[in-house]
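Analysis of the macromolecular model
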Amino acid sequence: MKLRLNTYIILSCIVAFIVSLLLTYKAYNVSVAAAEKNIYRYISQKAQHIHAIIELNSHKSEIEILQLVEKSYTMHTDYPDDEYLCIVDSNSVLLLHTKASGTVGIYVGKNHLNEGGKYKCNLEELVNRKENFTGHYISSAGEDQIAAFDHLHTVNWTIGIHRSKEKLYKEIKQQYIWLIITIIFIGAILFPVTILILIYSIRQYHKHKIKTEKESKWNIIKAKEKIEKRDAIHSSMIANISDVIAIISIDGTIKYKSPNVERSFGWKPDDFINQSAFMAIHPGDIDLVKREFQNLIESETNRATLECRYRCKNGEYKNIKLTAVNMIHDKIIEGVLINYHDITTRKNTEKALEESEYKHRILFENMQDAVCMLDNNGKITDVNKAGEKLFGYSRNEIIGMSVSEFIYYQDRERSAEYFKKLKEFGNYKMYEGRIVTKTGNVIWIQVSSSEYVQDSVTIGSQDIIRNITERKEIEEELSNQNRRLKESNATKDKFFSVIAHDLKNPISSTISLISLLNKNIDTYDVHKQKLFVKMIDEGLNVTFKLLDNLLLWSRSQTGVIKPRIEIINLHMLVKDTLQPIMQAANNKNITIDNNVTDSTFVNADKNLLSTIIRNLVSNAVKFTSRNGFVIISSQQFDNTNSGSYIQISVKDTGIGMSAEIKTKLFSITESRSTEGTDNETGTGLGLILCKEFVEKHGGNIWVESEEGKGSEFIFTIPNK
């Protein structure tokens, strides 16, 4: 019996020990599951609270929202020291991780097969799939932890809380330590003692549970107080911010208006509660606002922004910017969260700018002078109507062109200096130059330019351009008239000089010779009388020649002489012109060769051309030493640009002339009569007449000569 009792006791102890172990294991697992479930319930509540914080501060920046969330979370003092809060965005970027020293590790959850038969879910997959999750978490340090996550659909963030699995299990194990000790005693001593200890342990467990529940209730009370305090802070913040916040239900009625609506618009918050959300919208904007509101609800669009006019209580309207967020599915908001931002000042500024720009545009387009706006590279960005007319291009054609494209090629170097002055000093004034229009016309312009500055940055320049072509033509005409007047005065002075000196002297000498001969004719023999007559004859010939040249020259100056163009055989004209000169040439044994072919014809005035050749040949004979040569030749040229012309040359083997004398040959103010190689005299007007008569034909005359090597006078006659 005793043996049976002992066996019974032993078996009972063994059974009690096994049952106790099974119950302990089961209770332990139930406790672990309950702890994980409590964590998930805790994170869900925390997510709802953080969700409300985020939505109420949606108008703020992301960093400000995260700071508020972190501040709200850290205000709790009742959470374990190994508990961490983290927030991750849709790109798996860790936005917030409180008390974290490492990085996010690997989450192990359900239905995600891993190597070795384990299950895992990394954070990136969790965020992308937008799944809620509770389960085991392995940190970057390799520590096994318990974690719970919830997805915030509005901002597309995932919020999570995790803590050390070892610590959590340790806390649970501590609750069962006495139960394990009791099992040991039951197995070692007696079943009844084991039962008593088990009962005691169960009572201790219930007592601890009651205490935990009391602590939990106390924590909830403290949490509510903190939430109420934070709500009071949030209410104070909402009441004092410049923007008004409202919540509108799905049927369009107002559920909430922030207190600052009275400061901004004059209304009290109660004036709007359960009223239509569109009651203060301007009639002209109400259809737009209703349409956008309906679209926001029907399409479940996350956010919408628009501008409209909002009526104040005094009847005035303000311009506002509405930002609406669809939070109908949010358990706290359950409607559309709207932010009213007053933009009246900005709108008034924009209107003033538009009016100013309009006035500027009217002035710009109606200016008489051309105005061009250039960028920093000299490209035209705008031009007024006067500029279109000036350049000959339409506005669309001219915009984008470089201003350098219009500058006349001879003025480009000088205009570049003014561009440098603009860069250095910020402006330049009264630049005068030429431009080429679309039609190819060259016109004169006057430009004043200054830099165009916007927001303290030079973005280009503004050019005011005036067409001064007419003024330049007048100035040029005045300059030409002034030049002609000077030449006329010089001509007059030369004319009087010739009359006073060159004409007076030979006449005076002839008179003196005649008077002397008249007084002594009875006493002079025939030889002496012939000598006097010869001297008188030579003097009269020189005087007549001078007078004839003076008359020709004066007639040319007054415009009396006009060329009578006809076809002339140049060879015959030269031959006839040389007859009166041959005697003077023979006296000096000078050979004159007429190398003009008898088939050469020229379109010219016969008398004027004869005068030109006679004067040039006479000069050649005059300045050629005895036994010299004078050659007259011609050559015909056919040029595409300048047309056909005859070039006539009178070349001698005379004394030549210096470069200084060559520059004075054809000037009325510089020319002087010079004695020839046999002391021949002249009038000083021969070459002047040659130049006048050549130019009347539309030709040119010049000389090629060196001292001691003879001279060659060349002139051209166009074949018109």
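Residues numbered from 1 in each chain as written. Predicted model: local features only at pLDDT ≥ 70, side-chain atom pairs only at ≥ 80, totals over all residues. Heavy atoms only, no water.

**Section: the environment of I717**
You can see I717 is positioned in strand 24 (residues 711-718). C-alpha separation for the pair I717 and Q647, spaced 70 residues apart in sequence, amounts to 6.5 Å. Among all residues touching I717, those that are not within four sequence positions of it are V602, N603, A604, L609, Y645, I646 and H697. (Helix = DSSP H or I, 4+ residues; strand = E, 2+ residues; numbered from the N terminus. Contact = heavy atoms within 4.5 Å.)

**Considerations on the sheet that holds strand 16 (residues 442-454)**
Pairing within the open sheet is antiparallel, and its five strands lie in the order 14-13-17-16-15. Sheet topology places strand 14 (380-383) and strand 15 (427-436) at the edges, where each strand pairs with a single neighbour. Neighbour-to-neighbour, the strand axes of this sheet turn through a mean angle of 30 degrees, independent of strand direction. As judged from the 10 bridges shared by strand 16 and strand 17 (residues 457-467), these two strands associate in the antiparallel manner. The residue of strand 17 that forms the bridge with S448 is I464. (Pairing = 2+ DSSP bridges. Axes fitted to C-alpha atoms, helices over the stretch in contact; angles between N-to-C directions.)

**Structural notes on the side chain of T323**
The residue T323 is located in strand 11 (residues 317-327) in this model. The class for T323 is buried, based on a relative accessible area of 18%. If we ignore the near neighbours within four places in the chain, the residues touching T323 are R303, A304, T305, L337, I338 and N339. (Buried < 20%, exposed > 50% of the residue type's maximum accessible area, 1.4 Å probe, protein only.)

**Here we look at the confidence of the model for the protein**
Of all residues in the protein, 74% have pLDDT values of 70 or greater, and the mean over the chain is 77. Looking over the protein, one finds the lowest element-wise mean pLDDT in strand 3 (residues 106-108), namely 36, and the highest in strand 24, namely 92. Note on residues 1-6: pLDDT is under 50 here. Beyond four places in sequence and across chains, it has zero contacts. Counting interchain partners and residues more than four positions distant, the pLDDT-below-50 stretch residues 101-121 has 47 contacts. (pLDDT = per-residue confidence, 0-100.)

**Thoughts on the nonpolar core**
Ranked by size, the top nonpolar core spans 38 residues in total, and within it L570, L609, V617, I632 and F715 carry the most contacts. At the level of elements, helix 15 (570-578), strand 20 (601-604), helix 17 (606-622), strand 21 (629-639), strand 22 (643-652), helix 19 (686-696), strand 23 (701-705) and strand 24 are the ones that each hand at least two residues to this core. Sort the elements by how many residues they give to this core and helix 17 lands first, with eight residues. Excluding residues within four positions of it along the chain, I632 makes contact with V574, L578, I592, D593, N594, N595, V596, V617, S649 and V650. Judged by nonpolar contacts, the second largest core, of 27 residues, contains V261, F265, I281 and Y310. (Core = buried A, V, L, I, M, F, W, Y, C linked by side-chain atoms within 4.5 Å.)

**Some words on the packing of helix 17 against helix 19**
It is the contact of helix 17 with helix 19, at a shortest axis distance of 9 Å, that shows an interaxial angle of 145 degrees. Helix 17 and helix 19 meet at a crossing whose hand is left-handed. For the pair formed by helix 17 and helix 19, the contact residues are L608, T611, I612, N615, L616 and N619 on the first element and G686, L687, C690, F693 and V694 on the second. When its residues are assigned to classes, the contact of helix 17 with helix 19 shows seven nonpolar, four polar and no charged. (Left-handed = near helix turned anticlockwise from the far one by under 90°. Nonpolar A, V, L, I, M, F, W, Y, C, P; charged D, E, K, R; others polar.)

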